[in-house]
Structures are given as structure tokens and as C-alpha cells.
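# Breakdown of the fold
Chain by chain, the residues run as shown.
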Amino acid sequence: MSLTFCTLFSGSSGNAVFLGGDEGSLLIDCGMSCKQVMEAMREAGLQPSTVSALLITHEHSDHVKGAGILSRQLHIPIFATQGTWMGMEKAIGPVSDRDRVVITAGESFFLSGFEVVPFSIPHDANDPVGYRFYHKRHSVAVATDLGHFSQTVADALYGTEVVLLESNHDPDLLRRNPHYPARLKSRILGKKGHLSNEDGAGAAVWLAESGAKHLLLGHLSNENNTPDMAYRTTHAALTAAGARVGEDVSLHIAARYRASYLYQLV
Ligand SMILES: [Zn+2]
Ligand SMILES: [Zn+2]
């Protein structure tokens, strides 16, 4: 009886998360090519043949790039909200009716030994969701692409043991970035954009206080953040709140282009 959780890719350049349990495995998002995601799985010693479904958070290309091909190649269904289906349909190509599953935020369902709870996230997409998964006495969650840490998100994550949490950017680096147009900057900084390091750190403190044991910071911006900045900001906030990092709660950064931090809960 064990649960395996690991990011395969994490960042504005592409996202995919592996979740394995006793009765099969799930992938959350496929924002790199199908080939890259399969390779990353094999490199981490994870078997693509065990994957029984692909769950999508929202239609942005860093989450769906290889989704259609992966579904067709592995013959697995895709789970997404109606809004996400409408947003990604053209980009991912044909998916048979059998492999097309519509889910609703707030309505849980059972899949491959997991109870899956999709929850609404504040992000500029069509009905985007994060996910919390329950497996035996464990629970893990994927919570990235958050314009802010809303009450809905906080409620959904309360008491989760392992959380992949967004720590997207340093606002000063973003504001000073000469390559980003003003509109893009205000989109990212907006209430439906992405969570900054500071806001991620505040969320991390809240999560640790609610019972989280492992925090994995992910979806870092390539240009407007560094793993070190993200780590230091959250580490400082947790320490200031009285949490001992490494004892009360572990803190790690999800790697951008490879499998990172394989959590194995028994
Ligand atoms: Zn997005
Ligand atoms: Zn994203």
C-alpha cells in the first residue's frame, strides 16, 4: 500500500505530474510532448503502462501540449471540465467519445483507487481546476496557476499531506523584465494570473498550519524567478511562523525539465 507523487515537468514551459497508487496511476496535465513525458516517466522508473487516465487542469498549452497524442497512444481517457474541453479541443486533436470525460469543479469521483476532488482555481482560463486526491489515509494536491490563494482553494487544500504549490515569480523581477509587454505583466500579476513567491509563501504557511507535511514549489517562471528565490522566500516565511523546515514540513522545488522529488507514502 503506497502512493507515489512526482512532477515530471513543472514551470511556465510545461507541466505534467505523476500520481501512482495501488490500483493504477494517473497523470495530471501533459504540457510537454507525449514523447518527452513518456521519457521523463521512464527515467524516473515509472511505468507509462500503469497510467489509466489523464486529468487536465486547464487549456493553456503548458498543460495540454501533448494531451491528445498521449491519450491516443496509451488509449486512456481525458478528464476535464466542460470549459476546458471547449478551450483545448482544437489544440489536442480528436479524442473518441469513450475517452472524453467531463468533470465538474466541486464534484468528486473515484478513479483507479483514488477519490478525486476537482476544485475551482482563480486563473484566466475556461473553468480551470486544481485537484486533490485521496488514497487510503493519504492525500495529495496539485495547486498551480493561481492568481491568488482564494478561499475556495484554501478550503479544498485544508489538511492535505503533500501539496504541489505555485511559486511563479518575483514581482520586482517581473516588473523590470524588458521582454514582457505591459499587458502580459498585468495579466500575470492580476487576481487570475499566477501566484508570486510572497503569496506562495503565505499559502505555504497556511498549508503547514493546516497539516501539510510536504510542500513542493512549482510552476516557476523561467525569466522572472529562480529556484533559490522561491525557496528562500517560502523558507523564511515558514521559519518566521515557527515551522521547522525539514522537521515539521519538508520544502522542495519542482525541477523544470525532469522528474523531481519522488514522494513515496506508505
Ligand atoms: Zn495557465
Ligand atoms: Zn500554467
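We now turn to the structure provided with this report. (Residues numbered from 1 in each chain as written. Chains lettered and ligands numbered in written order. Predicted model: local features only at pLDDT ≥ 70, side-chain atom pairs only at ≥ 80, totals over all residues. Heavy atoms only, no water.)

### A word on the overall build of the protein
In terms of helices and strands, the protein carries nine helices and 14 strands. Scaling as 2.2 N^0.38, a compact globule of 266 residues should have a C-alpha radius of gyration of about 18 Å, and the protein matches this with 17 Å. Each principal axis of the C-alpha distribution contributes one length, and for the protein these read about 50 × 45 × 35 Å. Looking at the 266 residues of the protein, the share that counts as buried comes to 56%. (Helix = DSSP H or I, 4+ residues; strand = E, 2+ residues; numbered from the N terminus. Rg over C-alpha atoms; globule rule 2.2 N^0.38 Å. Buried < 20%, exposed > 50% of the residue type's maximum accessible area, 1.4 Å probe, protein only.)

### A short note on the sheet that holds strand β13 (residues 250-253)
On the basis of which strands lie adjacent, the open sheet formed by seven strands has the order β7-β8-β9-β10-β11-β12-β13 and mixed pairing. For this open sheet the edge positions go to β7 (109-111) and β13, each flanked by a neighbour on one side alone. Direction aside, the axes of adjacent strands within the sheet are offset by 25° on average. Where strand β11 (residues 162-166) and strand β12 (residues 214-218) come together, five bridges link them in parallel fashion. Each residue of the ladder has a partner; that of L164, found in β12, is L216. Sitting on the sheet, helix α8 (residues 197-210) is in contact with β11 and β12, with an inclination near 165° to β11. Sheet contacts for helix α9 (residues 227-240): β12 and β13; angle to β13, the most-contacted strand, approximately 165°. (Pairing = 2+ DSSP bridges. Axes fitted to C-alpha atoms, helices over the stretch in contact; angles between N-to-C directions. Contact = heavy atoms within 4.5 Å.)

### Focus: α8
Over its 14 residues, α8 runs 20 Å from end to end, which matches the ideal 20 Å to within 8%, given 1.5 Å per residue. Among the residues of α8, those classed as buried are N197, G200, A201, A203, A204, V205, L207, A208 and S210. The inward-facing, buried residues of α8 contact α5 (151-157), β11, β12 and α9. G211 lies just past α8 and shows a positive phi near 120°. (Expected span 1.5 Å × (residues − 1).)

### Here we look at helix α1 (residues 34-43)
Listed in full, the buried residues belonging to α1 are C34, V37, M38, A40 and M41. The buried side chains of α1 occupy one side of the element, clustering within an arc of 160° when seen end-on. Pointing more than 90 degrees away from the buried face of α1 are the exposed residues K35, R42 and E43. Next to the buried residues of α1 lie β1 (3-9), β2 (16-21), β3 (24-28), β4 (51-55) and α3 (67-74). Downstream of α1 by one or two residues, G45 has phi in the positive range, about 80°. (Arc of directions from axis to C-beta.)

### A few points about the packing of α8 against α9
For the pair α8 and α9, the least separation of the axes is 8 Å and the interaxial angle reads 45°. As far as their axial angle goes, α9 and α8 are oblique. Classified by chirality, the crossing of α9 by α8 is right-handed. Counting all contacts with α8, which are made through N197, E198, G200, A201, A204, V205 and A208, the residues of α9 involved are M229, A230, T233, T234, A237 and L238. (Parallel < 35°, antiparallel > 145°, perpendicular 65-115°, else oblique. Left-handed = near helix turned anticlockwise from the far one by under 90°.)

The values are spatial; any link to function lies outside them.
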